[in-house]
Amino acid sequence: MPERDAAELLRDAKRVVVFTGAGMSAESGVPTFRDALTGLWARFDPRTLATPAAFAADPALVWGWYEWRRAEVQRVHPNAGHRAVATIESHIPDTVVITQNVDDLHERAGSSPVHHLHGTLAHPYCSGCGEPYTFPPEIPEEPEEGRRVAPPSCAECAAPVRPGVVWFGESLPEGQWGIAERAAQDCDVFLCVGTSSVVYPAASLIEHAAARGAVTIQVNPNSTSWDDRVSFDFRAPAGVVLPALRGCLAGP
Ligand code: OAD
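For clarity, every value in this text was computed on a predicted model and none was experimentally measured.

K.L.:
What is the right way to look at the overall build of the chain in this model?
P.N.:
When its secondary structure is counted, the chain shows 11 helices and eight strands. For 252 residues, the compact-globule formula gives about 18 Å, and the C-alpha radius of gyration of the chain, at 18 Å, lands near that figure. When its C-alpha atoms are laid out on the principal axes, the chain stretches across 60 × 35 × 30 Å. Going through the 252 residues of the chain one by one, you find that 51% of them count as buried. Nonlocal contacts in the chain, meaning residues at least 24 apart in sequence, comprise 70% of its contacts between residues at least 6 apart. For the chain, the accessible area works out to roughly 11,500 Å², and carbon and sulfur atoms hold 53% of it.

Here it is in structure tokens:
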């Protein structure tokens, strides 16, 4: 049974990378980006919402859209896949969790630390001087998808506060990226969950792992360019496959 074979390799691994994308949170109710019809980029234009130029042109449109996403994420809960990742981490201490997601569902399921390559919705900062901004503690009222919300002003320099996510054309956070690259190069097993593997440089991590001879496991109900190149290709949702892998970890 491939799940048992993959779980055995996972159980014997010294160093594991769990690398996740939007599909990881799909079963929690957070939309992905590129799934046809339901993906965010099928409904919204990233050029008007996810670039520095878009924020400069219309800060309230961009801030309102990210506030809508932040409110959505606060309403939902980690799913069985997130919980299975946290359990894998507790079984194999040298597990590095790397995500492209800007939600905090891995953390809320118990994973720690989580390396966010594309930033997080929870940590905005000043677009002028870079000063971090702390949200008021109350859960935001959910703005409608396209509603403009003026961003707060920085307490230090009065420039608009911007979402703490990485936009197209921006570099990944250096520290997080360095950890991710090293972990991918050094791991025995690379578990790639819920990503279309098309956005670089994040998508190069599985290439590093495969080139160094790591066992690569893909979990995705749909096809990607990695289908024929991974050691194990599980064509099913994360909330099904990851608990099954975790279930086998304890051995026969
Ligand atoms: P995508 O939307 O490109 O891909 C999501 C993948 O998840 C697809 O391949 C789906 O088939 C798969 N999927 C859907 N439901 C799933 C489930 N229940 N279990 C497992 N997989 C499932 O999202 P990402 O690959 O994360 O960047 O996209 C990468 C980056 O592109 C994002 O971080 C974001 C976006 O533009 C920024 O915002 C900078």
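K.L.:
Looking at this model, I keep getting lost on the site of the ligand. Mind explaining?
P.N.:
Around the ligand, the surrounding shell holds 24 residues, and the nearest of these are Arg 34, His 118, Thr 195, Ser 196 and Asn 220. Within the side chain of Trp 41, an N or O atom sits 3.0 Å from an oxygen atom of the ligand. One of the backbone N or O atoms of Gly 194 is found 3.2 Å from an oxygen atom in the ligand. For the ligand, the accessible surface in isolation is 800 Å², of which the surrounding protein chains cover 93%. At a threshold of 2 Å from the grid points, most atoms of the ligand map onto the largest pocket.

K.L.:
What is the right way to look at the packing of aromatic side chains in this model?
P.N.:
Centre-to-centre distance and the angle between the planes together describe a pair of aromatic rings. All chains considered together, the criterion is met by 13 aromatic pairs. Arranged with centres 6.2 Å apart and planes meeting at 50°, the rings of Trp 41 and Phe 168 form a pair that is tilted. Taken together, the positions of Trp 41 in helix α3 (residues 40-43) and Phe 168 in the loop between β5 (161-162) and α9 (174-186) put the pair 127 residues apart, joining distant regions of the chain. Ring centres 6.0 Å apart and planes at 35° place the aromatic pair Trp 63 and Phe 135 in the tilted group. With Trp 63 in helix α6 (residues 59-75) and Phe 135 in the loop between β4 (125-126) and β5, this pair connects stretches of sequence that are 72 residues apart. Each member of the pair, Trp 63 as well as Phe 135, carries the same accessibility label: buried. Grouped by ring-pair contacts, the aromatic residues Phe 33, Trp 41, Phe 44, Phe 55, Trp 65, Tyr 66, Trp 68, Trp 167 and Phe 168 constitute a single cluster. Just above the ring of Trp 167 sits the side chain of Arg 162; from NZ or CZ to the centre is 3.9 Å.

K.L.:
Please explain the nonpolar core as it appears in this structure.
P.N.:
It is characteristic of soluble globular proteins that their nonpolar side chains tend to be buried jointly. Counting 27 residues, the largest nonpolar core has Leu 191, Ile 217, Val 219, Leu 242 and Leu 245 as the members making the most contacts within it. Residues contacting Leu 242, with those up to four places away along its chain left out, are Met 24, Gly 81, Ala 84, Val 85, Leu 191, Val 193 and Val 219.

K.L.:
Before we go on, may I ask you to explain empty space enclosed by the protein in this structure?
P.N.:
Counting across every chain of the model gives one cavity of 30 Å³ or more. As a volume, the largest cavity reaches approximately 40 Å³. Looking at the largest cavity, the residues that line it are Trp 63, Tyr 66, Glu 67, Arg 70, Leu 121, Pro 124, Phe 135, Pro 163 and Gly 164. When the residues that make up the lining of the largest cavity are grouped by side-chain class, the tally is six nonpolar, one polar and two charged.

K.L.:
I'm lost on the sheet that holds strand β3 (residues 114-116) in this one. Help?
P.N.:
Strands belonging to one sheet form pairs held by backbone hydrogen bonds; the direction of such a pair is parallel or antiparallel. Strands sit in the order β3-β2-β1-β6-β7-β8 across an open sheet of six strands; the sheet is parallel. A single partner strand is all that each edge strand has here, and the edge strands are β3 and β8 (232-234). Each neighbouring strand pair of the sheet contributes to a mean axis angle of 15°, computed without reference to strand direction. With five bridges connecting them, strand β1 (residues 16-20) and strand β2 (residues 95-99) associate as parallel partners. Bridged to Val 18 within β2 is Val 97.

K.L.:
I'm lost on the pairing of strand β6 (residues 189-193) in this one. Help?
P.N.:
Note on strand geometry: in a regular strand, side chains alternate between the two faces of the sheet. Of all the five residues making up β6, five are buried; the element is thus mostly covered by neighbouring parts of the structure. Here β6 shows a buried face lined by Val 189, Leu 191 and Val 193 and a second buried face lined by Phe 190 and Cys 192. Of the pairings in the sheet, the one linking β1 to β6 comprises five bridges and is parallel in character. Within β6, the position partnered with Val 18 by the bridge is Leu 191. In this fold, β6 hands off to helix α10 (residues 204-211), which returns the chain to strand β7 (residues 215-219); that crossover is right-handed.

K.L.:
What's the story with the domain arrangement of the chain in this structure? I'm lost.
P.N.:
Size of an interface, as often reported, equals the accessible area lost when the parts are brought together. Split by domain assignment, the chain resolves into domain 1 (1-29 + 78-119 + 172-252) and domain 2 (31-75 + 125-162). Here the C-alpha centroids of domain 1 and domain 2 sit 27 Å apart. On the domain 2 side, the residues contacting the 12 residues of domain 1 number eight residues. Overall, the association of domain 1 and domain 2 removes approximately 630 Å² of surface from exposure, summing both partners, and the carbon and sulfur fraction of that is 60%. The largest share of the area that domain 1 buries against domain 2 comes from Ala 22, Gly 29 and Arg 108, three residues that together contribute 40% of it. Between domain 1 and domain 2 we count zero salt bridges in total. On the surface where domain 1 and domain 2 come into contact, there are one residue pair in polar contact (both at pLDDT 80 or more). In terms of residue class, the side of domain 1 that touches domain 2 is made up of five nonpolar, four polar and three charged.

The rules behind each value
- Residues numbered from 1 in each chain as written.
- Predicted model: local features only at pLDDT ≥ 70, side-chain atom pairs only at ≥ 80, totals over all residues.
- Heavy atoms only, no water.
- Helix = DSSP H or I, 4+ residues; strand = E, 2+ residues; numbered from the N terminus.
- Rg over C-alpha atoms; globule rule 2.2 N^0.38 Å.
- Buried < 20%, exposed > 50% of the residue type's maximum accessible area, 1.4 Å probe, protein only.
- Contact = heavy atoms within 4.5 Å.
- Areas by Shrake-Rupley, 256 points an atom, 1.4 Å probe, with all protein chains shown as cover.
- Near = heavy atom within 4 Å.
- Polar contact = N/O pair within 3.5 Å; in protein donor to acceptor, adjacent residues only side chain to side chain.
- 1 Å grid on protein atoms, 1.4 Å probe; cavity = no way out; pocket = protein on both sides within 12 Å on 5 of 7 lines; lining within 4 Å.
- Sits in = over half its atoms within 2 Å of the grid points.
- Phe/Tyr/Trp six-rings, centres within 6.5 Å; stacked < 30°, edge-to-face > 60°.
- Lys NZ or Arg CZ within 6 Å of the ring centre and 35° of its normal.
- Core = buried A, V, L, I, M, F, W, Y, C linked by side-chain atoms within 4.5 Å.
- Points joined across faces, edges and corners; volume = space filled by probe spheres on them.
- Nonpolar A, V, L, I, M, F, W, Y, C, P; charged D, E, K, R; others polar.
- Pairing = 2+ DSSP bridges.
- Axes fitted to C-alpha atoms, helices over the stretch in contact; angles between N-to-C directions.
- Right-handed = clockwise from strand over helix to strand, strands pointing away.
- Domains from an automatic or database assignment.
- Buried area = accessible area lost by both parts, 1.4 Å probe.
- Salt bridge = Lys/Arg side-chain N within 4 Å of Asp/Glu carboxyl O.

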